[in-house]
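A look at the structure
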2 protein chains.
Amino acid sequence: MEPKNIVKSWPEAAPRLIAVASGRAPADMVIRGGKWVNVHTREVLDGHDIAIAEGRFAAIAPDLSAAIGPDTQVIEAQGRFMLPGLCDGHMHIESGMLTPAEFAAAVIPHGTTTMFTDPHEIANVLGLAGVRMMHDEALMQPINIFTQMPSCAPSAPGLETTGYEITPEDVAQAMSWPGIIGLGEMMNFPGVIHADPKMLAEIAATQAADKTVGGHYASPDLGAPFRAYAAGGPADDHEGTSEADAIARVRQGMRAMLRLGSAWYDVERQITAVTQKGLDPRGFILCTDDCHSGTLVNDGHMNRVYRHAVACGADPLVALQMCTINTATHFGLERELGSIAPGRRADVILTSDLRTLPVEVVIARGKVVAEGGKLLADCPHYAWPESARQTVHLGKRLGAADFRVAAPEGANTVTARVIGVVENQAPTRALTAELPVTDGRVDPDPARDIAQIALVERHRGTGGVVNGFVSGFGYKGRMAMGSTVAHDSHHMIVVGTDPEMMAACANRLGQMGGGISVWKDGAAIAAVPLPIAGLMSDSPAAQVAEAASRMVAAMADCGCTLNNAYMQHSLLALVVIPEIRISDLGLVDVTRFELTDLFQ
Amino acid sequence: MEPKNIVKSWPEAAPRLIAVASGRAPADMVIRGGKWVNVHTREVLDGHDIAIAEGRFAAIAPDLSAAIGPDTQVIEAQGRFMLPGLCDGHMHIESGMLTPAEFAAAVIPHGTTTMFTDPHEIANVLGLAGVRMMHDEALMQPINIFTQMPSCAPSAPGLETTGYEITPEDVAQAMSWPGIIGLGEMMNFPGVIHADPKMLAEIAATQAADKTVGGHYASPDLGAPFRAYAAGGPADDHEGTSEADAIARVRQGMRAMLRLGSAWYDVERQITAVTQKGLDPRGFILCTDDCHSGTLVNDGHMNRVYRHAVACGADPLVALQMCTINTATHFGLERELGSIAPGRRADVILTSDLRTLPVEVVIARGKVVAEGGKLLADCPHYAWPESARQTVHLGKRLGAADFRVAAPEGANTVTARVIGVVENQAPTRALTAELPVTDGRVDPDPARDIAQIALVERHRGTGGVVNGFVSGFGYKGRMAMGSTVAHDSHHMIVVGTDPEMMAACANRLGQMGGGISVWKDGAAIAAVPLPIAGLMSDSPAAQVAEAASRMVAAMADCGCTLNNAYMQHSLLALVVIPEIRISDLGLVDVTRFELTDLFQ
């Protein structure tokens, strides 16, 4: 499939850019009379025009009326600020439950014109082929979406079975694709620290291609392990949460990526490295990492992060550098985008106020793509093949028996391990509970907030179901809640109080081709269809956000009292975060990185 | 020829770097107890150790004694500053009249560990083959010498004949060589502004290779022509001389290279853009462009530029960024060098004072290469072939008749065009003089400071001699002064008062294989042999500087009163700088870019 939205390279465009700049030819577009926000010098320069041709900046000068011909589109800036389109330094499109096209459609009106995206979730479901599909749809969009090749699928080899595995050979192959900008976050930081040959081979393939290795060092230890990780090659990190984290990363020559996602709040405590400690800001970058569709619809995207950074005390021009030129430089793209300067892709925001940043006009590659919050561009859809739309392979129709927990032979009571969900935290607690045995069966105990959890294999149709117990959701009555978004291997997680309803929920997800389904008293009460890989919808963000909102309400209707209850649900199989999780291979003790028994 | 001084790539070194950083293996070298000058954060951090392995930094931390094994070289910093080795952002090795090896030997004790060098002069003499020789000797050195592929040979097509011409195909081919970092200064700025397909093809080949296009915009016009040049792709420029020049370049997304060479003084007036106007310093880079061997021996190299920048009011850490990380980032090398951070080439200077910068110890790629101003490393010589050592092809033995200026048929007096040398300026003045005719011959007139000048063809052995007149040197008596350094096509320029002595001087240069020769009263009184391409010596800088110093004294002995007399001499064929010059094709009117007659 030929990408629709192609931009000529600088050398291809150069003859016209030169002709326009020297006054020998008219521009395609001229923006007149604005304030040139210059992120190279960190200045605002009043009274400038911008001439654009071939989707790139041709010239910026006080008067470019000579570049206006009969076919030139003229935009009156009316004294507004003209700033570069915003860049998201690291993010996962799948977190919005949207395809790249629908994600782009949602963020363009917010002024995002460039994203560096790691399709880690689809890599677990569909491997390299899935990454290529995301990459190809990304290249079809009217904005710049660069792909970071996922590095760690599975996240925890030996503790889970992904749909596909990513190998160093996959990484080397992907480095030649046109939209690949580097390696996605190297989450296996113990692997780097211990010089795991597979992880080092992935890094080496990326460095050999002169591309950027994304980091992910999720430990508070800034001593020898951190230094060893830095010596391994990751060039950035978005896992810092404290000022010391940010400073340590930049001192070691990494870029500190400060994150404000739907559920990440890591800017405020780190940006003081610049606002209070006065460090050189060039090493700091803003990003979202994960944004839900609701955030995109209701709050914004990188404009939200920018405003937050300014609210945290950052100079607006410094904050702007952190989501434009700093990002571009980091990825080796500073002659391609990230500033309003000759030759760069003509990505511009017009705004009346630099602090509150109302995004009034968005121009991408020289075309008006949004105005007053309204999308004006086409975001074409990739022709997702059946292999991507039919990814929920249960192997059989599941029944209540698949969700019954058999007690050990002859036991009257058992001491079961229970996954304890902790309000507002990603780590779980390893709890235990005495549970009675009835007819050789161990039942959940909603009265003590102990529900069942099942990990349903869905990649190979093995019919495998791993059962366990979970506490913390507060579910009451007969219910079930299931999701094929189940980080990181994305099988299916079903939590419920009733085996029959859990089976019905799982079967419904199989019919839907993936997504989220909530059941109460024998009936489905909410659904979020995610037909692409069981992770994403190709419907508009507003629709997905509304369905997700109804799903959250349905969880509450079943008695759930948690904040971010759905996120907690979807992370229960994330076998890299302590203390205890569930995978297709069994219960996992994530303090020891080993499988453990359900019963003590 | 296999380069001798090779450094393992980061991924090749990574397993050991990680092992050292994590405390599992000893380092090759540990520098103990210094102040870590961090150019990423712009901080000085007291009390740090540096561990080095495989020629790269493994770790920087308060205590790395665990990395000291029985074979680890330990260097006590004793509280001194530990800063990255200095980078020269743009320079011509040939200007030192030294080979890359001898140039490196001269600058290493000054703390220069990285140079970006454009072998433009040898390209005019030996074409791509000569560039490759420079490139190969550069890669043999213990410091980092990256080659910028020369872009403009000839500088002025149609007005001169070079030894070889550089084509876009040459540029495309060179981009695949291991040491090529980009395109050398694009001097043909009118060509870019008028979209000359050949110039744009060279730029396109460089951009397609994701490398850096060097700029050279030698005009004070910062309007449309400058913007058109910027739109063409050059990414830096060292031709600025005023604060406005520097600011304009950085605003347009170019890097302003501030130059302090032997005869360039462009830092003081431009650095105020940072020190007074407060612009973001990341777009500013320090460089030398041209340094004579005498400067290297007596004054320094990049340490001289750094001290000067500090003396001009720059914060020492900002000045240091301008000759370390800014330079590295510009050339896409910030993960390779330019800072003391894990994975980078271990290039370090130890100094007791950040302002005066005494260069006490120099470490390059993890080895001590200089201490107390004394070179401790081997700088290997390339086996220069005969084709590079025998480049003065006169075609015949020249005689006085070749240097006699024939008058027009029947004339008694003539009005001759005279090249007027202007003290301390590169441009010449187009003078005229009435000269008498004797025996059909026009003689010089030393009493009126009118000497003869001859451009002797030396690339193809045509025997061609173009004669003319020059004023301004002040030569008296019978003398001749000749040089095969004759920018940019590097034929041979002989200036003298006596045809016989001019012939003797030219013939002597032919015997020497090139260089400089000064004659007085029938005898050679000084010589600087430059056997490599007639441009460079492979003797140590001190010897060359001493010979050059004697040569300058000899010129004075012949009556010359100019400052920088030798530079003036060597620029008289530079047919891109007004007003009048000489080439192998005749006298050139550089205000009109056309050949002109000797007699009006």
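The structure under discussion appears in the preceding block.
Owing to the predicted nature of the structure, the values given are computational and were not obtained by experimental measurement. (Residues numbered from 1 in each chain as written. Chains lettered and ligands numbered in written order. Predicted model: local features only at pLDDT ≥ 70, side-chain atom pairs only at ≥ 80, totals over all residues. Heavy atoms only, no water.)

Observations regarding the sheet that holds strand S8 (residues 144-149) of chain A
Residues and elements named next belong to chain A. Just so we agree on the cut-off: If DSSP finds at least two bridges between two strands, the strands pair. Each helix is a run of DSSP H or I of at least 4 residues and each strand a run of E of at least 2, with the numbering of both proceeding from the N terminus. Only the stretch in contact is used when fitting a helix axis, every axis being a line fitted to C-alpha atoms; angles between N-to-C directions are given from 0 to 180 degrees.
Read across the open sheet, the 5 strands follow the order S6-S7-S8-S9-S10; overall the sheet is parallel. Looking at strand neighbours, the two that pair on one side only are strand S6 (86-91) and strand S10 (212-215), the edges of this open sheet. Across the sheet, the axes of successive neighbouring strands diverge by a mean angle of 25 degrees, strand direction being ignored. Relative to S10, strand S9 (residues 180-186) is paired through 3 bridges, and the arrangement is parallel.

Some details on the sheet that holds strand S12 (residues 255-259) of chain A
Residues and elements named next belong to chain A. Reading across from one edge, S11-S12-S13 is the order of the 3 strands in this open sheet, with parallel pairing throughout. Whereas interior strands pair on both sides, the edge strands pair on one side only; in this sheet they are strand S11 (236-237) and strand S13 (284-287). In the sheet, S12 pairs with S13 via 4 bridges, with the strands oriented parallel. Across the sheet, residue Met257 finds its bridge partner in S13, namely Ile285.

Considering unusual backbone geometry
Residue and element names in this part refer to chain B. In this model, Ala153 is joined to Pro154 through a cis peptide bond whose omega is 0 degrees. Within the secondary structure, Pro154 is located in the loop between strand S8 (144-149) and helix H4 (168-174). Residue Asp488 is bonded to the preceding His487 through a cis peptide linkage, with omega at -10 degrees. By the secondary structure assignment, Asp488 is in the loop between strand S24 (479-483) and strand S25 (492-496).

Here we look at the interface of chain A and chain B
As a reminder of what qualifies: Whether two residues are in contact is decided by their heavy atoms: any pair within 4.5 Å suffices. By buried area we mean how much accessible surface two parts lose on assembly, using a 1.4 Å probe and totalling the loss over both. By definition here, a salt bridge exists when the distance from a side-chain nitrogen of Lys or Arg to a carboxyl oxygen of Asp or Glu is within 4 Å. In the analysis that follows, any N or O atom pair within 3.5 Å is treated as a polar contact, provided that within protein one partner can donate a hydrogen and the other can accept it, and provided that, for residues neighboring in sequence, both atoms belong to side chains.
Listed per partner, the contact involves 56 residues of chain A and 55 residues of chain B. Across the chain A/chain B interface, buried area totals approximately 4,600 Å², and carbon plus sulfur atoms make up 53% of it. In this assembly, chain A and chain B are joined by 6 salt bridges. Ionic pairing is found between A:Glu43 and B:Arg251, a salt bridge with its closest N-O pair at 2.8 Å. At the surface where chain A touches chain B, the tally comes to 26 residue pairs in polar contact (both at pLDDT 80 or more).

Focus: helix H6 (residues 197-208) of chain B
The condition is simple: To estimate how far a helix should extend, the number of its residues minus one is multiplied by 1.5 Å.
With 12 residues, H6(B) extends 16 Å from end C-alpha to end C-alpha; this agrees with the ideal 16 Å at 1.5 Å per step. Packing partners of the buried residues in H6(B) comprise helix H1 (10-21) of chain A together with H4, strand S9 (180-186), helix H5 (189-193), strand S10 (212-215) and helix H7 (224-232) of chain B. Measuring from the side-chain oxygen of the N-cap residue of H6(B) to the backbone nitrogen of B:Lys198 gives 2.8 Å; that N-cap residue is B:Asp196.

What is shown is where atoms sit, not what they do.
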